[in-house]
Amino acid sequence: MIGAVALSADPSTAGRVAGMPVALRAALLLQAAGCERVELWGPGGEAWRAALVADDRVRVPVTVGGAEEGPRLALSDRFALDLAAVRALLAAPAALEHDGELVAVHATAGEGDALRRRGEPLLGAGDWLCAPARDEPERRAATRALLQRLRKPQDGVVSRRLNRALSLAVTARLCETSLRPNQLSVGILAFGAAAAALAAQGTHATLALAGLLFQTQSVLDGCDGELARLSFRGSRLGEWIDTVGDDLTNYGYFAGAALGLHAAGLGVAPLVVGGVGLGAGLLASGIEYVYLARIGSGDLLKYPLGFGKDAGVTDEALSAQRGLRGLAGALRPMFKRDFFVFAAMLCAFAGMTATFVMLCAFAVGAAVTLVAVLRSEWARRGLAPGAEP
């Protein structure tokens, strides 16, 4: 399939949505949807071609105009779409309009108007975005709409109600800068390192500040992924930096808390509990990392845990463990990182005893995760009871 962008202005006067010219965003959407070439139609074509070829995100050939026959999907640079909308348009010849203006058309070259005259159905409303971006107020509204599309269905309760709103507000500012997602991911690690160092000091004040920094890292942790999706800069390296960074922050905070509680006079119990949690967590993470490296991903969500609805094994294979799976599924929201970090912050504010309880919860959670990871590994190898090879 050939993609095309209908230009309305040259690069020097073009409008921007979420820090990017709409025409460039359209070209990157077409590339992401699988188009093998992007044509540019309209004013400033040569200047736009030079700008797109110079952009390291554009990996398909870019031409000015196109005369040969064949299907193509043309997008107007006066509207901001998302990838779901472009994929819906690619599914079959159709057209999309907004307030009587043609937004996009999938047809043979030069047949966009004929498609509409023949009465072909226009795409209606769906689970995708089509936002006008014809003037500055519309472009600001389109940016807000694109940001809201970054919310994830798997977000935990704290993310949905607090973290995502804060991270999106930060990302709205960051997308107007030249900061890259991977640079942001590395920078966010500083909050985790500071939280670990403060937690180890053994005073209520430093522990409370550590909890606040731990929660701040959790909020900012959403920004690098949001920026990557918004700017088309997602990468395997970025996935790994995010995954390893989260684990280092988690383990560092609770290791620091164990040392701090010991220094505050709670004896060796925090060290023992923290050591158990840290050991179980590191072992589970190591096994997960090996699996992710084998499948060519750095996204921890792709690891199939051995319980819950998204398990990597069949219900039949785990029929003897229905009770355990049901309990684990019910408790899973409390083991999501957003909830766990927020609870850790509240416990840090409450004091040493509450933080020790949270440290125990961390150790239990790490042990449960390790058991789930081992069951998942055994099941895939045909070693669990009833598992299929």
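Refer to the preceding data block for the structure.
The structure displayed is predicted, hence computed values, not measured ones.

Section: the layout of surface pockets
Inference 1: A volume near 390 Å³ is recorded for the second largest pocket.
Inference 2: Around the second largest pocket, the lining comprises 14 residues; the ones closest to its centre are Asp 82, Leu 83, Ala 84, Leu 150 and Arg 229.
Inference 3: Secondary-structure elements contributing two or more residues to the lining of the second largest pocket are helix H1 (22-32), helix H3 (83-90) and helix H8 (204-231).
Inference 4: Its residues assigned to classes, the lining of the second largest pocket comprises nine nonpolar, no polar and five charged.

Some remarks on the pattern of salt bridges
Close approach of charged atoms lets side chains of opposite charge pair.
Inference 1: On inspection of all chains with the given rule, the structure shows 15 salt bridges.
Inference 2: Notably, a salt bridge pairs Asp 55 with Arg 57, separated by 2.8 Å at the nearest N-O pair.
Inference 3: Between Arg 164 and Glu 226 there is a salt bridge whose closest N-O contact spans 2.7 Å. You can see Arg 164 sitting in helix H6 (residues 157-174) and its partner Glu 226 sitting in helix H8, a full 62 residues away along the chain. Taken as a pair, Arg 164 and Glu 226 share a single burial class, namely buried.

A short note on the nonpolar core
As a rule of thumb, nonpolar side chains are buried together in soluble globular proteins.
Inference 1: One finds Val 5, Leu 75 and Leu 81 to be the most contacted residues of the largest nonpolar core, which totals 31 residues.
Inference 2: Those elements giving two or more residues to this core turn out to be H1, strand E4 (37-41), helix H2 (45-54), strand E6 (71-76), strand E7 (79-81), H3 and strand E9 (101-108).
Inference 3: Of all the elements, H1 adds the most residues to this core, at seven residues.
Inference 4: Every residue in contact with Val 5, bar those within four places of it in the chain, is listed here: Ala 23, Ala 26, Ala 27, Leu 30, Val 38, Glu 39, Leu 40, Trp 41, Leu 75 and Asp 77.

Here's the deal with the packing of aromatic side chains
Inference 1: Considering all chains together, one arrives at eight aromatic pairs under this definition.
Inference 2: Residues Tyr 253 and Phe 254 carry aromatic rings whose centres are separated by 5.2 Å and whose planes lie at 85° to one another, so their mutual orientation is edge-to-face.
Inference 3: Members of the aromatic cluster, each reached through a chain of ring pairs, are Phe 214, Tyr 251, Tyr 253, Phe 254, Phe 340 and Phe 362.

Brief notes about H1
Inference 1: Within H1, ten of the eleven residues are buried, which leaves the element mostly enclosed by the surrounding structure.
Inference 2: When H1 is considered as a whole, its buried residues turn out to be Val 22, Ala 23, Leu 24, Arg 25, Ala 26, Ala 27, Leu 28, Leu 29, Leu 30 and Gln 31.
Inference 3: Backbone geometry just after H1 places Gly 34 at a positive phi near 110°.

Section: unusual backbone geometry
Excluding glycine, most residues fall at negative phi; most peptide bonds, likewise, are trans.
Inference 1: The phi dihedral of Asp 99 falls on the positive side, at around 50°, and the residue is not glycine.
Inference 2: Its place among the elements puts Asp 99 in the loop between strand E8 (94-98) and E9.
Inference 3: A relative accessible area of 68% places Asp 99 in the exposed class.
Inference 4: Despite not being glycine, Phe 232 has its phi angle at roughly 60°, a positive value.
Inference 5: If you trace the backbone, Phe 232 turns up in the loop between H8 and helix H9 (236-266).

Description of the environment of Gly 260
Inference 1: Mapped onto the elements of the fold, Gly 260 is located in helix H9.
Inference 2: Relative accessible area serves as the criterion here: at 1%, Gly 260 is assigned to the buried category.
Inference 3: For Gly 260, the contacting residues outside a window of four places in its chain are Ala 199, Ala 200 and Gly 202.

A short note on the packing of helix H7 (residues 181-199) against H9
Inference 1: Look at H7 against H9: their axes get within 7 Å of each other, and the N-to-C directions meet at 10°. Judged on the interaxial angle alone, H9 and H7 are roughly parallel. Contacts from Asn 182, Ser 185, Val 186, Leu 189, Gly 192, Ala 195, Ala 196 and Ala 199 of H7 reach H9 at Leu 237, Gly 238, Ile 241, Gly 245, Thr 249, Gly 252, Tyr 253, Gly 256, Ala 257 and Gly 260.
Inference 2: Class assignment for the residues of the contact of H7 with H9 results in nine nonpolar, nine polar and no charged.

Points about the side chain of Thr 249
Inference 1: Among the secondary structure elements, Thr 249 is positioned in helix H9.
Inference 2: Setting aside residues up to four positions removed in sequence, Thr 249 forms contacts with Leu 189, Gly 192, Phe 214, Gln 217 and Arg 337.

Let's talk about the pairing of E4
A regular strand places its side chains on the two faces of the sheet in alternate fashion.
Inference 1: The buried count for E4 comes to four of five residues, which makes it a mostly enclosed element.
Inference 2: Bridge count between E4 and strand E5 (residues 62-64): three bridges; the pairing is parallel. Across the sheet, the residue bridging to Val 38 is Val 62, located in E5.
Inference 3: Note on the crossover from E4 through H2 to E5: the handedness is right-handed.

Each value, and the rule that gives it
- Residues numbered from 1 in each chain as written.
- Predicted model: local features only at pLDDT ≥ 70, side-chain atom pairs only at ≥ 80, totals over all residues.
- Heavy atoms only, no water.
- 1 Å grid on protein atoms, 1.4 Å probe; cavity = no way out; pocket = protein on both sides within 12 Å on 5 of 7 lines; lining within 4 Å.
- Points joined across faces, edges and corners; volume = space filled by probe spheres on them.
- Helix = DSSP H or I, 4+ residues; strand = E, 2+ residues; numbered from the N terminus.
- Nonpolar A, V, L, I, M, F, W, Y, C, P; charged D, E, K, R; others polar.
- Salt bridge = Lys/Arg side-chain N within 4 Å of Asp/Glu carboxyl O.
- Buried < 20%, exposed > 50% of the residue type's maximum accessible area, 1.4 Å probe, protein only.
- Core = buried A, V, L, I, M, F, W, Y, C linked by side-chain atoms within 4.5 Å.
- Contact = heavy atoms within 4.5 Å.
- Phe/Tyr/Trp six-rings, centres within 6.5 Å; stacked < 30°, edge-to-face > 60°.
- Axes fitted to C-alpha atoms, helices over the stretch in contact; angles between N-to-C directions.
- Parallel < 35°, antiparallel > 145°, perpendicular 65-115°, else oblique.
- Pairing = 2+ DSSP bridges.
- Right-handed = clockwise from strand over helix to strand, strands pointing away.

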